[in-house]
Each structure stands twice: as C-alpha cells, then as structure tokens.
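For reference, the chains in residue letters:
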Amino acid sequence: MYVITGATGNVGAEVVRLLAAAGEQVTAVSRNPAPQPAGVRHVAADLGDPASLEAAFAGASTLFLLVAGQEPEAVLKTAQSAGIRRVVLLSSQGAATRPGLYAHPAAFEAAVRASGLEWTLLRPGGFFTNTLAWAGSVRAGRTAAAPFAGTALPFIDPADIAEVAATVLRQDGHAGRTYVLTGPEPITPRERAAALGRALGTEVRFIEQSRDEAHAEMARFMPLEAAEATLSVLGTPTAAEQQVSPDVATLLGRAPRTFADWAARHAAAFRP
C-alpha cells in the first residue's frame, strides 16, 4: 500500500489519482478531509504532528513525503515502525543549489538519507501553477505583474511531477537516486504572460515589478525567508537552476509538458 502525504495539493492529489487509476491500494493523507477517487482511504493527519500519522502509515510499504513540519526524523521513525520500507521525498532543487536559503528541504533530505529506508529524492524547480498568482489581476484587468521580466527558468507542470512520482513509487530501481525535474525549456515571466494571453485569446499586459515591490507582495502570504529565497532564484539564477534536466523525459518516455499546454488547460481560472 502507498501512503501519499499532501494528498489535496497540486502534486499529491494527482499522485493519488494516478495510483488509484492503476489499481493500487492508496491511503491519502491531509489535514482536512477531501473527496478522493473510489477505493482510496483518507486519513486526516498532520506532518507537523508525527504521532498523528500512525494510523495513516499502518499496513503501508511505500511513502510519498512532502517537506512539511519540523520533525522529519520523527516522521520517518513513525514510518519505519509501521513497516514502511521505501520513501520518495518531494524536495526542491534549492536544497542542492542554495542549501543555506533552502535549509528546510535540505534538512528533510539529510533525514531521509540517514533513515535506513530505501529513498528517492525528487527536486523540482519552479511550478507552472505559480502563475495562478496572476489570476485576480488577469480577470480584473488583463494584467500580470512580476519581477525580472527577462530572466528565464525551466518551470515545470506539477502534473509532470506527479507522473514522475507515481512512476518512481511503483517501479524498482530508483533507490538512492536523485532526480531534478524541470520543464522542457526556460521561459521568462514576460513570455508566460504572452502565452497566457494566447490561451485566453486576448492580450495580457505584462508589468515588471521591482524586487522590492515583489518582496512586499510575497511577504503577505509567505515567510520572509521564503520570499527572499524565491526572489534570489528568480533574479540571480545559477547555471544549474537555468539548465533543462533530462530526468522527466528519461523517466516518462516523453518530453515535459510546455507552459502553453498548462495555460490552455487552466485558462478558465483567468477568465472573468
């Protein structure tokens, strides 16, 4: 049986759906109940409270783990006690490229490696779904604002992350491996706004923010250290952060989905 934490999120919900569609036994874990595919067991639990995970982990062999909470060692010890043998961690590319700024995922990676479990690390970069932050302004006035208009990064569709996760969870041969997950090409914020406009059939006017303006906006909904880390990647990416990884194509046997594809599938979120 597979235990999927973060089962209501962009990635976790799709991992649950893919595994259930493949006929696997799945336990979906989230803090609050949510509709699940037929045959999927849901357990309300919190990664911030490792003791609450005991019922969710019972009878499982494989764990899909998010970077959440502050006690990865306790979560992994609970998993081992329940008989779980394998863990696939959804980490972040920043754990390798900027471990000082991404200390939280880096600590989870260290705990997973030291756990004694078979482990696989997934390190995605930025998500296409970050574009949903523009939904309100696009609906209201066909505008999209972001800093660093000309800086391109190979963001990825969360659906591809989920498909990679489901593949790695179900297959042997991934123990001790680390996969960097990116989209098929670097894309700038200005290019994303233009592609979104094409999906909507109307122009989306791009407004370039200053770094300070973007920081003030991000600080309204994320911790200051997370805002600083995000802006550092967006503004001064390393060569590794700008590089397209072959891992999605290798694991899935196809190219990663493009931003244009994502925009077409999610256009309704941006329409009045």
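Everything discussed here concerns the structure shown above.
Residues numbered from 1 in each chain as written. Predicted model: local features only at pLDDT ≥ 70, side-chain atom pairs only at ≥ 80, totals over all residues. Heavy atoms only, no water.

Enquirer: Please clarify how the sheet that holds strand 8 (residues 177-181) should be interpreted in this entry.
Expert: Whether parallel or antiparallel, the strands of a sheet pair through hydrogen bonds between backbone atoms. Strand order in the open sheet formed by 7 strands is 3-2-1-4-5-6-8, and the pairing between neighbours is parallel. Pairing within the sheet leaves two strands with one partner each, and these edge strands are strand 3 (41-44) and strand 8. Pairs of neighbouring strands in the sheet enclose a mean axial angle of 15°, with direction left out of account. Sheet topology places strand 2 (residues 26-30) next to strand 3; 4 bridges connect them, and they run parallel. Looking at strand 3, one finds that T27 is bridged to R41. Its contacts with the sheet place helix 5 (residues 103-113) against strand 4 (62-66), strand 5 (86-90) and strand 6 (118-124), and it is angled at close to 160° to strand 6. (Pairing = 2+ DSSP bridges. Helix = DSSP H or I, 4+ residues; strand = E, 2+ residues; numbered from the N terminus. Axes fitted to C-alpha atoms, helices over the stretch in contact; angles between N-to-C directions. Contact = heavy atoms within 4.5 Å.)

Enquirer: I would appreciate a short explanation of the pattern of salt bridges in the present structure.
Expert: Close approach of charged atoms allows side chains of opposite charge to pair. Scanning the entire structure with this criterion turns up 13 salt bridges. Notably, a salt bridge pairs D160 with R257, separated by 2.3 Å at the nearest N-O pair. Here D160, found in helix 7 (residues 158-170), pairs with R257, found in the loop between helix 12 (247-252) and helix 13 (259-265); they are 97 residues apart in sequence, far enough to count as distant. Look at R257 and you get partly exposed, because its relative accessible area is 25%. Among the ionic pairs, D261 bridges to R265, the shortest N-O distance being 2.6 Å. (Salt bridge = Lys/Arg side-chain N within 4 Å of Asp/Glu carboxyl O. Buried < 20%, exposed > 50% of the residue type's maximum accessible area, 1.4 Å probe, protein only.)

Enquirer: Before we go on, may I ask you to explain the pairing of strand 2 in this structure?
Expert: A regular strand carries its side chains on alternate faces of the sheet. In terms of burial, strand 2 is largely enclosed, as 5 of its 5 residues are buried. The two faces of strand 2 match: V26, A28 and S30 on one face and T27 and V29 on the other face are all buried. Relative to strand 2, strand 1 (residues 2-5) runs parallel, the two sharing 4 bridges. Residue pairing across strands places V3 opposite T27, the latter belonging to strand 2. Handedness of the crossover is the feature at issue here: the chain leaves strand 1, passes through helix 1 (residues 12-21), returns alongside strand 2, and the resulting connection is right-handed. (Right-handed = clockwise from strand over helix to strand, strands pointing away.)

Enquirer: Please clarify how the packing of aromatic side chains should be interpreted in this entry.
Expert: For any pair of aromatic rings, the description consists of the separation of the ring centres together with the inter-plane angle of the planes. Within this structure, the stated rule accounts for 4 aromatic pairs. Here the aromatic rings of F128 and F259 are separated by 5.3 Å at their centres, their planes lie at 80°, and the arrangement is edge-to-face. Here F259 lies in helix 13 and F128 lies in the loop between strand 6 and helix 6 (135-141), a separation of 131 residues in the sequence. Neither residue differs from the other here; F128 and F259 are each classed as buried. Centroid distance F259 to W262: 5.6 Å. Interplanar angle 25°. Geometry classified as stacked. Taken together, the residues span about one helical turn, with F259 and W262 both in helix 13 at a distance of 3 residues. Here W262 falls in the buried class, since its relative accessible area comes to 0%. One aromatic cluster in this structure is built from F128, F259, W262 and F270. Over the aromatic face of W119 sits the side chain of R113, whose NZ or CZ is 5.6 Å from the ring centroid. (Phe/Tyr/Trp six-rings, centres within 6.5 Å; stacked < 30°, edge-to-face > 60°. Lys NZ or Arg CZ within 6 Å of the ring centre and 35° of its normal.)

Enquirer: Help me understand the environment of A175 in this model?
Expert: Relative to the assigned elements, A175 resides in the loop between helix 7 and strand 8. The spatial distance from the C-alpha of A175 to the C-alpha of A44 is 28 Å, given a sequence separation of 131 residues.

Enquirer: What am I meant to see in helix 3 (residues 72-82) here?
Expert: Since the α-helix packs 3.6 residues into each turn, any two residues three or four apart lie on the same face. Of the positions making up helix 3, those classed as buried are P72, V75, L76, T78 and A79. When helix 3 is viewed along its axis, its buried side chains cluster within an angular range of 155° and face the same direction. Away from its buried face, by an angle of more than 90 degrees, helix 3 presents the exposed residues E73, K77 and S81. Tucked inside the fold, the buried residues of helix 3 contact helix 2 (54-57), strand 4, strand 5 and helix 5. (Arc of directions from axis to C-beta.)

Enquirer: How should helix 5 be read in this particular structure?
Expert: Listed in full, the buried residues belonging to helix 5 are P105, F108, E109, A111 and V112. Angular distribution of buried residues about the axis of helix 5 spans 165°; they occupy a single face of the element. For helix 5, the secondary structure elements touched by its buried residues are strand 4, helix 3, strand 5, helix 4 (94-97) and strand 6.

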